[in-house]
Amino acid sequence: MPNNKLNDLDSKTWLKFQKSWFIHNPPPRKKGVLVHPAKFPETMAQDFIEFFTKKNQIVLDPMAGTGSTLIAALRAGRNSYGIELNPKYAEIAEQIIKDERSALGKQVKALKSRIINGDALKAVNYKLPTVDYVLTSPPYWDMLHAKGAETQKKRRTSADMDVFYSDDPKDLGNIHDYEKFLEMLVEIYAGLKPLLRERAYLTIIVKNIKKGGKIYPLAWDLARELSNVYTLKDEKLWLQDNQPLAPFGLGSAWVSNTFHHYCLQFRNDPEN
Ligand SMILES: C[S@@+](CC[C@H](N)C(=O)[O-])C[C@H]1O[C@@H](n2cnc3c(N)ncnc32)[C@H](O)[C@@H]1O
């Protein structure tokens, strides 16, 4: 497309991505990253990166986990930076990136991929360059600590899989007060503004949360609060269609099986 300022896509691929929902069933995880309780698929991250950046631009994930965003960036021919609080995940990310770099060979030699073991709240202190796109997903409040969580059952009995991210009080997944958690999360994302190029996009993948029979609309609250800092441009729904259904509330009450995430799209507009 001539005059395409945003990405390197042809018009057909551009249009396809503009649908407000998509189904992406994560492929089975590689052994090395199973330890992490909640990663998003690199294949999905790559679609976002290829829409919101051009080749050789810079992508940041301030809560990088085991580095899915950085792997996707490499495959897409983009530079990338990641911040991750837990040293164990940061180390796994580094190793995976190293392996991916050798698998991709010469074509990625000039690209940077850097993991910083640190606190996203201090992102401006890590001497990062101006970035062209942020793709990230936060801890879904303190839900990994929830005793009844179906997805956690297998993890509790396995020595190789973490149930929650860490015991670190700086880990947002350890803040039990919802309002405090939301406030910290907004502070972290707002703190990225000086690092983000003007008109660059920020995609946050997040869910509304069910706890104690109540919904905490994290995705909606975050969209509202953060729109004081960035322009809220849109939402895109990530649907998973390969999960077993659990009989929550069967015969007595409406309790859905939540198999969708919100991919919230913000833009760093100067007028905001
Ligand atoms: C949903 S996971 C991100 C997973 C990542 N997208 C991936 O695919 O591997 C959230 C991550 O945020 C990290 N985290 C929590 N608090 C943090 C903080 N204050 N600074 C940086 N990372 C933090 C957790 O350790 C966890 O790995």
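Structural data are supplied above this passage.
Cut-off values and rules
Residues numbered from 1 in each chain as written. Predicted model: local features only at pLDDT ≥ 70, side-chain atom pairs only at ≥ 80, totals over all residues. Heavy atoms only, no water. Phe/Tyr/Trp six-rings, centres within 6.5 Å; stacked < 30°, edge-to-face > 60°. Helix = DSSP H or I, 4+ residues; strand = E, 2+ residues; numbered from the N terminus. Buried < 20%, exposed > 50% of the residue type's maximum accessible area, 1.4 Å probe, protein only. Axes fitted to C-alpha atoms, helices over the stretch in contact; angles between N-to-C directions. Parallel < 35°, antiparallel > 145°, perpendicular 65-115°, else oblique. Left-handed = near helix turned anticlockwise from the far one by under 90°. Contact = heavy atoms within 4.5 Å. Nonpolar A, V, L, I, M, F, W, Y, C, P; charged D, E, K, R; others polar. Pairing = 2+ DSSP bridges. Core = buried A, V, L, I, M, F, W, Y, C linked by side-chain atoms within 4.5 Å. Polar contact = N/O pair within 3.5 Å; in protein donor to acceptor, adjacent residues only side chain to side chain.

Asker: Is there a simple way to think about the packing of aromatic side chains in this case?
Answerer: In this description, a pair of aromatic rings is defined by centroid distance and the angle of the planes. Applying the stated criterion across every chain yields a total of 13 aromatic pairs. Consider the rings of Phe17 and Phe52, whose centres lie 6.3 Å apart with planes at 80°: the pair is edge-to-face. On the criterion of sequence distance, the pair formed by Phe17 in helix α1 (residues 11-17) and Phe52 in helix α2 (residues 42-52) is long-range, its members being 35 residues apart. Here the two residues Phe17 and Phe52 agree in accessibility, since each one is buried. Seen from their ring centres, Tyr178 and Tyr216 are 5.2 Å apart, and the 55° between their planes marks the pair as tilted. Of this pair, Tyr178 sits in helix α6 (residues 178-190) while Tyr216 sits in strand β8 (residues 214-216), placing them 38 residues apart in sequence.

Asker: Can you walk me through the packing of helix α3 (residues 68-76) against helix α4 (residues 87-104) in this structure?
Answerer: Pairs of packed helices are described in terms of their axes, by the angle between the two and the distance that separates them. Across the interface, α3 lies against α4 with an axial gap of 10 Å and an inter-helix angle of 15°. Of the possible angle classes, the one that applies to α3 and α4 is roughly parallel. In the crossing of α3 with α4, the sense of the turn from one axis to the other is right-handed. Listed contacts from α4 to Leu70, Ile71, Leu74 and Arg75 of α3 are Ile96, Ile97, Glu100, Arg101 and Leu104. Taken together, the residues of the contact of α3 with α4 break down into 6 nonpolar, no polar and 3 charged.

Asker: I would appreciate a short explanation of the packing of α2 against α3 in the present structure.
Answerer: Running from N to C, α2 and α3 cross one another at 60°; their axes reach a closest spacing of 8 Å. Relative to α3, the element α2 is oriented oblique. For the crossing formed where α2 meets α3, the hand is right-handed. Contacts between α2 and α3 involve Glu42, Ala45, Gln46, Ile49 and Glu50 from the former and Ser68, Thr69, Ile71, Ala72, Ala73, Arg75 and Ala76 from the latter. Taken together, the residues that form the contact of α2 with α3 break down as 6 nonpolar, 3 polar and 3 charged.

Asker: Explanation requested: unusual backbone geometry in the structure shown.
Answerer: Excluding glycine, residues mostly have negative phi values, and the peptide bonds linking residues are mostly trans. Even without being glycine, Lys127 reaches a positive phi, approximately 55°. Tracing the chain through its elements places Lys127 in the loop between β4 (113-117) and β5 (131-136). At Trp141, a residue that is not glycine, the phi angle is positive and equals roughly 50°.

Asker: When you look at the pairing of strand β10 (residues 260-267) in this model, what are you seeing that I'm missing?
Answerer: In summary, the side chains of a regular strand alternate between the two faces of the sheet. Among the 8 residues in β10, 7 count as buried, and that is most of the element. Pairing analysis gives 6 bridges linking strand β6 (residues 196-206) to β10, with the strands arranged antiparallel. Bridging from a neighbouring strand, Ile205 pairs with Cys263 of β10. As defined by bridge partners, strand β9 (residues 231-239) adjoins β10 across 8 bridges and the pair is classed as antiparallel. Residue pairing across strands places Thr231 opposite Arg267, the latter belonging to β10.

Asker: Looking at this structure, how should I read the nonpolar core?
Answerer: The biggest cluster of nonpolar side chains holds 65 residues, and the ones touching the most others in it are Phe48, Leu222 and Leu226. Looking at which element gives the most residues to this core, the answer is α6, with 8 residues. Once you skip the residues sitting within four places of it in the chain, Leu226 turns out to touch Val186, Tyr189, Ala190, Leu202, Ile204 and Phe266. The next biggest cluster of nonpolar side chains, apart from the first, holds 10 residues, and it includes Ala64, Leu70, Ile71 and Ile97.

Asker: Sorry, what's going on with the environment of Ala219 here?
Answerer: With respect to the helices and strands, Ala219 occurs in helix α7 (residues 218-226). Measuring from C-alpha to C-alpha, the distance between Ala219 and Cys263 comes to 8.8 Å, with 44 residues separating the pair along the chain. With sequence-adjacent residues up to four places away left out, Ala219 is seen in contact with Val206, Lys207, Asn208, Tyr262 and Leu264.

Asker: What is the right way to look at the side chain of Asn7 in this model?
Answerer: Residue placement: Asn7 occurs in the segment before α1. Judged by its relative accessible area of 1%, Asn7 is buried. Among the polar contacts made by the side chain of Asn7, one reaches the side chain of Asn4 at a distance of 2.7 Å. Separated by 3.0 Å, the side chain of Asn7 and the backbone nitrogen of Leu9 make a polar contact. In this structure Asn7 touches Trp14, Glu50, Phe51, Thr53 and Lys54, once residues within four positions along its chain are discounted.

Asker: Would you explain α7 in this entry?
Answerer: Since one α-helical turn is 3.6 residues long, residues separated by three or four positions face the same way. The set of residues buried in α7 consists of Leu218, Ala219, Asp221, Leu222, Ala223 and Leu226. Against the buried residues of α7 lie α6, β6, β7 (209-211), β8, β9 and β10.

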